[in-house]
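Here are the chains, one letter per residue:
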Amino acid sequence: MTTYRSATTALAAAVALVITAPLAPVVSAQRGVSVPNGVLAVRQALGHGDVSAARQAAEAATGDGRELSTALVELFVGQDDAARARLAPLAERQPLGEAALELGLLDLRRGRREEADRRLRPIASVRQFTNADDYLRLARAAIGIREYLLANDAFDRVSQSTRADIQSAWGDLFLSRHQPADAAQSYRDAITADPKWVPALVGLSRAYADDEPEAADTALEEARKAAPDHPDVLLRSAEVALDEEDAAAAKAALDRLARVRPGSVEEAGLRVALAYEDGGAAAVPAAIEAVRAADPRSAIGYRLAGERAAFAYRFAEASDFARKATETDPDDPQAFFDLGLYLMRTGDEGSARAALERSWDLDKSAPVTKNLLDLLDKIDAYTTVEAPNMIFRFAPNEAEVLKVYAVPLAEQAYATFQKTYGFTPEGPILIEVFPRHDDFAVRTMGLPGLVGALGACFGRVITMDSPAAPGVSPFSWHATLWHEMAHVFSLQLSQYRVPRWLTEGISTFEEHRKVPAWGRELTLEYGRAMATGETFGVKGLPDAFKRPEHLAMAYFEASLVVEHLVDLNGDQGLQTLLKAYAEGASDQQAFARAFGRSVDEVDASFHQFVQERFGALAKAMAPPASEAAADNLPALEQRAAGAPGNFISQLTYGQALVREGRLDAAKAPLERAAALAPMASGDGSPRALLAMIAEQAGNQAGAREEYRDLLQADHTNVNAARRLLAVSGGSTDDQFYALRLIADLDPFDADAHGQLGRRLFAQDDYEAALLEFQASLALGPPNLAEAHSDVAETYLKLGKRDEAKQAALEALKEAPTFVRAQELLLQAIGRAS
């Protein structure tokens with residue numbers, strides 16, 4: 001994705017010319033347009049949130065400087081009418097100066113857009129500059145008229161400035177263009193120049209919010225210390241409280257904001273969001289009135305209500321709010337973007353495209369809008385496969401293979417969950433599979449670079465990576481599809497009110513219920529977390545899901561909670577729990593209704609449950625009693641001898657012996673480690689090393705046993721599966737197991753499908769064999785005549801002579817003298833030789 005900070009692209013080069021080449025109409029530059037005396041001191045004080053110092057600086061100024069400085073203070077504290085009265089005559093006298101800029105921006109905030117445009121456009125057309133203030137004035141005016149690339153170029157001309165106000169304003173531009181990394185850099189530059197520059201600290205909190213929440217919290221806390229009543233601090237505090245579902249804290253922050261800067265449209269917009277959280281869609285219209293009072297043309301209220309609905313996965317409701325936002329402000333590109341994004345998440349891609357194209361027409365510099373439109377172009381070329389209750393879209397070069405597996409698996413999941421939850425979801429369910437991870441990321445979030453996710457569900461839409469997506473480690477895409485299908489049911493049955501920890505816990509548990517190894521990949525790590533007291537419990541899971549660093553373990557523990565809930569009251573308990581949330585029940589009410597217990601009681605019984613299940617593992621996973629360097633064999637040996645029940649001590653000693661080439665000696669500690677934690681996975685795990693040792697010793701039977709045991713837990717280890725196949729010898733069971741796993745993890749391995757098909761054929765499982773032969777054929781195996789013949793022979797076994805005839809003819813097209821194909825053709829037409 002092109003970033004605004006880059007000046008290497010043709011677009012950036014073209015934009016760079018804009019600032020020196022004339023634009024029509026050209027406004028003659030007024031040389032010597034300077035910032036009046038006192039203004040910089042006032043802005044400095046306000047950047048620190050020190051209104052008293054700002055007033056003193058304004059009073060010390062003289063002439064126009066005093067009037068403008070006073071107006072800036074009045075704007076800061078929400079006295080817009082008084083500020084307007086001061087700014088108007090100044091702007092008339094100097095239409096390209098600071099007062100005209102501030103008055104234009106004030107008009108913009110109050111919905112007087114035509115007046116704002118008349119004031120700001122001439123300022124943005126100035127092409128002669130003498131100092132950094134001229135470039136900053138241009139940038140602010142350009143942002144006001146939505147000339148974002150021009151604004152970026154102006155900032156770029158003063159990129160080396162050490163002024164906090166310039167760097168912070170540049171960061172705001174980056175953030176508004178969905179470039180948090182660039183924004184964070186500008187904010188850090190501003191803070192380096194002035195550690196107490198509040199707008200930069202608040203901006204940094206926003207830039208870090210998604211990926212570095214602890215750093216975001218730290219930045220906001222620094223801003224609070226510097227200026228607890230700065231309006232930006234209070235706005236950000238309200239945003240954070242809303243995201244943390246702390247309505248009381250959000251209201252308190254907004255109430256304080258109303259005292260220090262009354263009547264702002266930002267406050268009114270957040271109150272709409274708060275009203276939605278408290279009273280749902282019915283509470284929004286009344287709250288919107290305050291937005292209209294501040295700016296009758298602003299769509300911010302409906303946009304923020306839509307954001308909250310989308311945050312709760314209520315995308316149909318979010319789309320309704322976004323549509324109202326576009327009706328309120330037909331010139332708001334963000335409103336149309338939101339509408340397009342939400343419609344994509346409901347599966348209405350046609351209407352989404354129309355909304356996104358309108359957004360692009362309004363703002364052709366928005367990278368996220370372009371991302372989604374480009375992706376929709378790609379999806380238009382995808383192969384569509386329809387099934388009862390579902391619509392699949394696959395990349396054309398993958399469709400023939402993936403549909404063979406994905407469609408029946410999804411249908412099985414649908415039927416299973418329909419029975420489990422006693423519920424039929426609204427459909428059809430749209431399932432899109434992407435061969436590029438960044439395409440999946442854009443379809444899911446609007447931006448590339450999504451880390452840690454392989455699939456996503458929005459209730460009626462599932463997006464996921466293809467198993468062939470470059471850069472994605474081998475993963476069980478079967479488990480991913482099963483997981484996302486479970487989300488369809490928990491989200492819809494709960495009317496999208498299920499807590500995130502619970503819906504993820506249900507989906508991960510349903511993986512495990514389908515295949516014991518699925519959803520249990522972090523068992524070893526969980527034992528370690530238990531040993532060190534780092535688990536969450538039922539009550540700690542909601543907060544854990546807000547912390548990226550805890551997410552993986554939170555998913556795992558949430559699935560254990562769901563397993564415990566099913567133990568308490570079966571599937572009926574889960575049904576009751578989800579229905580209670582659908583009716584608006586609190587956690588306490590929902591748990592009481594489903595299990596007859598309080599959350600505290602379930603939390604206590606869960607701790608007992610995991611202690612019984614994983615207590616021994618936790619003991620084995622405790623940190624070793626002493627440190628020992630990986631290359632200090634005597635220390636490792638001594639530690640292992642003194643702690644036969646400690647997994648890490650045994651494993652590290654065994655690994656060290658392997659590195660030293662002492663394979664026979666390594667077997668004993670590795671076997672002890674494997675017994676302590678049989679679910680350990682990876683190439684450095686006990687089972688993997690024992691398999692390697694057995695192979696090197698020529699002990700194929702021992703290697704097979706180790707690989708089979710390893711793959712019982714390490715179910716995505718396609719390399720281990722290939723090694724099992726290599727050492728399987730005459731063991732047809734091991735061959736079949738390995739081939740099945742390889743075909744599942746790497747469905748684009750034509751040879752694996754062919755071999756698996758032949759084994760299934762030999763077992764008289766002709767339907768399953770046909771699927772494998774068809775998959776192999778779709779991948780273009782080296783011997784097409786042989787592949788077509790495999791299909792023909794299988795059709796004959798199934799009694800499908802017409803299909804067998806066609807397949808035999810295809811084989812003969814490839815090799816006209818191929819005897820096997822000739823004989824199959826004769827059999828198909830009833831003339832067996």
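Structure's up top.
Reading the values: rules and limits
Residues numbered from 1 in each chain as written. Predicted model: local features only at pLDDT ≥ 70, side-chain atom pairs only at ≥ 80, totals over all residues. Heavy atoms only, no water. Helix = DSSP H or I, 4+ residues; strand = E, 2+ residues; numbered from the N terminus. Buried < 20%, exposed > 50% of the residue type's maximum accessible area, 1.4 Å probe, protein only. Contact = heavy atoms within 4.5 Å. Areas by Shrake-Rupley, 256 points an atom, 1.4 Å probe, with all protein chains shown as cover. Lys, Arg positive; Asp, Glu negative; His and termini not counted. Charge placed at Lys NZ, Arg CZ, Asp CG, Glu CD. Salt bridge = Lys/Arg side-chain N within 4 Å of Asp/Glu carboxyl O. Pairing = 2+ DSSP bridges. Axes fitted to C-alpha atoms, helices over the stretch in contact; angles between N-to-C directions. Expected span 1.5 Å × (residues − 1). Core = buried A, V, L, I, M, F, W, Y, C linked by side-chain atoms within 4.5 Å. Left-handed = near helix turned anticlockwise from the far one by under 90°. Phe/Tyr/Trp six-rings, centres within 6.5 Å; stacked < 30°, edge-to-face > 60°. Lys NZ or Arg CZ within 6 Å of the ring centre and 35° of its normal. Parallel < 35°, antiparallel > 145°, perpendicular 65-115°, else oblique. Nonpolar A, V, L, I, M, F, W, Y, C, P; charged D, E, K, R; others polar.

### Brief notes about the overall build of the chain
Move 1: For the chain, the helix and strand inventory stands at 43 helices and 5 strands.
Move 2: If you line up the chain on its principal axes, its C-alpha atoms span 105 × 70 × 55 Å.
Move 3: Buried positions account for 52% of the 833 residues belonging to the chain.
Move 4: Of the contacts formed within the chain by residues at least 6 apart in sequence, a portion of 59% connects residues at least 24 apart.
Move 5: Accessible surface for the chain amounts to roughly 35200 Å². Of this, 50% is attributable to carbon and sulfur atoms.
Move 6: Counting 86 positive and 119 negative side-chain charges, the chain places the centres of these two groups 3 Å from one another.

### Comments concerning the pattern of salt bridges
Move 1: If you walk through the whole model with that rule in mind, you get 69 salt bridges.
Move 2: In this structure, R820 engages E786 in a salt bridge whose closest nitrogen and oxygen atoms are separated by 2.3 Å. With R820 in helix 43 (residues 819-828) and E786 in helix 41 (residues 784-797), the pair connects residues that are 34 residues apart, well separated along the chain.
Move 3: The class for E786 is partly exposed, based on a relative accessible area of 29%.
Move 4: With its nearest N and O atoms 3.5 Å apart, the salt bridge here joins E810 to K813.

### Points about the pairing of strand 2 (residues 390-394)
Move 1: Buried residues dominate strand 2, accounting for 4 of its 5 residues.
Move 2: In the sheet, strand 1 (residues 383-387) pairs with strand 2 via 5 bridges, with the strands oriented antiparallel. Residue pairing for strand 2: E386 is matched across the bridge by I391.
Move 3: Once strand 1 ends, the chain turns through 2 residues before running back antiparallel as strand 2, passing N389 with a positive phi of about 75°.

### Regarding the sheet that holds strand 4 (residues 455-457)
Move 1: An order of 1-2-3-5-4 is seen for the 5 strands of this open sheet, with the pairing classed as mixed. What marks the edges here is a single partner per strand, and that holds for strand 1 and strand 4. In this sheet, adjacent strand axes meet at a mean angle of 15° when their direction is disregarded.
Move 2: Across 3 bridges, the pairing between strand 4 and strand 5 (residues 461-465) is antiparallel. When the sheet's bridge partners are listed, A456 is paired in strand 5 with T463.

### Side note on helix 8 (residues 132-144)
Move 1: With 13 residues, helix 8 extends 18 Å from end C-alpha to end C-alpha; this agrees with the ideal 18 Å at 1.5 Å per step.
Move 2: In terms of residue burial, helix 8 counts as a mostly covered element, since 10 of its 13 residues are buried.
Move 3: Of all the positions in helix 8, only D133, D134, Y135, L136, R137, L138, A139, A141, A142 and G144 are classed as buried.
Move 4: Next to the buried residues of helix 8 lie helix 2 (39-47), helix 6 (98-109), helix 7 (113-124), helix 9 (148-157) and helix 10 (164-176).
Move 5: Phi turns positive one or two residues past the end of helix 8, at R146, with a value near 65°.

### Topic: the environment of G682
Move 1: Examined against the element boundaries, G682 turns out to sit in the loop between helix 34 (663-676) and helix 35 (686-696).
Move 2: The partly exposed category is assigned to G682, whose relative accessible area is 24%.
Move 3: For the pair G682 and A215, spaced 467 residues apart in the sequence, the C-alpha separation amounts to 32 Å.
Move 4: Ignoring any residue separated from it by four or fewer positions in sequence, one finds G682 in contact with A688 and D714.

### Some words on the side chain of E484
Move 1: Note on placement: E484 falls in helix 25 (residues 477-493).
Move 2: One buried charged residue, E484, remains without a salt bridge, the closest side chain of opposite sign being R500 at 9.8 Å.

### Here's the deal with the nonpolar core
Move 1: Ranked by size, the top nonpolar core spans 100 residues in total, and within it F392, I431, L502 and F591 carry the most contacts.
Move 2: Broken down by element, the residue count for this core peaks at 14 residues, all from helix 29 (residues 551-582).
Move 3: Residues contacting L502, with those up to four places away along its chain left out, are V562, L565, L577, L578 and Y581.
Move 4: V42, A124, A184 and A219 belong to the second-largest nonpolar core, a separate cluster that totals 67 residues.

### Things to note about the packing of helix 16 (residues 265-279) against helix 18 (residues 300-311)
Move 1: The geometry of helix 16 relative to helix 18 is characterised by a closest axis approach of 8 Å and an angle of 40° between their N-to-C directions. Helix 16 and helix 18 meet at a crossing whose hand is right-handed. In this structure, helix 16 uses V265, E266, G269, L270, V272, A273, Y276 and E277 to contact helix 18, whose residues at the interface are I300, G301, L304, A305, R308 and A309.

### As for the packing of aromatic side chains
Move 1: Overall, the coordinates contain 20 aromatic pairs when judged by the stated rule.
Move 2: Taken together, a centroid distance of 6.1 Å and an interplanar angle of 25° make the contact between Y313 and F458 stacked. Of the two residues, Y313 is situated in the loop between helix 18 and helix 19 (315-328) and F458 in the loop between strand 4 and strand 5; the sequence distance between them amounts to 145 residues.
Move 3: Y313 gets classed as partly exposed once you look at its relative accessible area, which sits at 32%.
Move 4: Plain terms: the ring middles of Y526 and F614 are 5.6 Å apart, the flat faces sit at 75° to each other, and that makes the pair edge-to-face. One end of the pair, Y526, is in helix 27 (residues 523-531); the other, F614, is in helix 31 (residues 599-620), and 88 residues separate them in sequence. Assigned by exposure class, Y526 and F614 land together as buried.
Move 5: An aromatic cluster is present here, built from Y414, F417, Y421, F423, W482 and F489 joined pairwise through their rings.
Move 6: Positioned above the aromatic ring of F336 is the side chain of R358, whose terminal nitrogen or guanidinium carbon lies 5.6 Å from the ring centre.

### Comments concerning helix 4 (residues 63-76)
Residues spaced three or four apart along an α-helix face the same direction, because each turn holds 3.6 residues.
Move 1: Compared with the 20 Å implied by 1.5 Å per residue over 14 residues, the 21 Å span of helix 4 between its first and last C-alpha is a close match.
Move 2: In terms of burial, helix 4 is a largely internal element, 10 of the 14 residues being buried.
Move 3: Along helix 4, the residues classified as buried are G65, L68, S69, T70, A71, L72, V73, E74, L75 and F76.
Move 4: Elements that come into contact with the buried residues of helix 4 comprise helix 2, helix 3 (51-60), helix 5 (80-93), helix 6, helix 14 (231-243) and helix 15 (247-260).
Move 5: G78 sits one or two residues past helix 4 and shows a positive phi near 85°.

### So, the packing of helix 2 against helix 3
Move 1: At a minimum axis separation of 8 Å, helix 2 and helix 3 run at an interaxial angle of 175°. Here helix 2 is positioned roughly antiparallel relative to helix 3, judged by the angle of their axes. Where helix 2 abuts helix 3, its residues A41, V42, A45 and L46 lie against V51, A53, A54, A57 and A58.
Move 2: Split into classes, the residues belonging to the contact of helix 2 with helix 3 amount to 9 nonpolar, no polar and no charged.

### Structural notes on the environment of V727
Move 1: With respect to the helices, strands and loops of the structure, V727 is situated in the loop between helix 37 (718-726) and helix 38 (732-745).
Move 2: Along the sequence, V727 and D134 sit 593 residues apart, while their C-alpha atoms lie 74 Å from each other.
Move 3: The contact partners of V727, leaving out residues within four places of it in the chain, are E695, Q700, A703, R704 and Y707.

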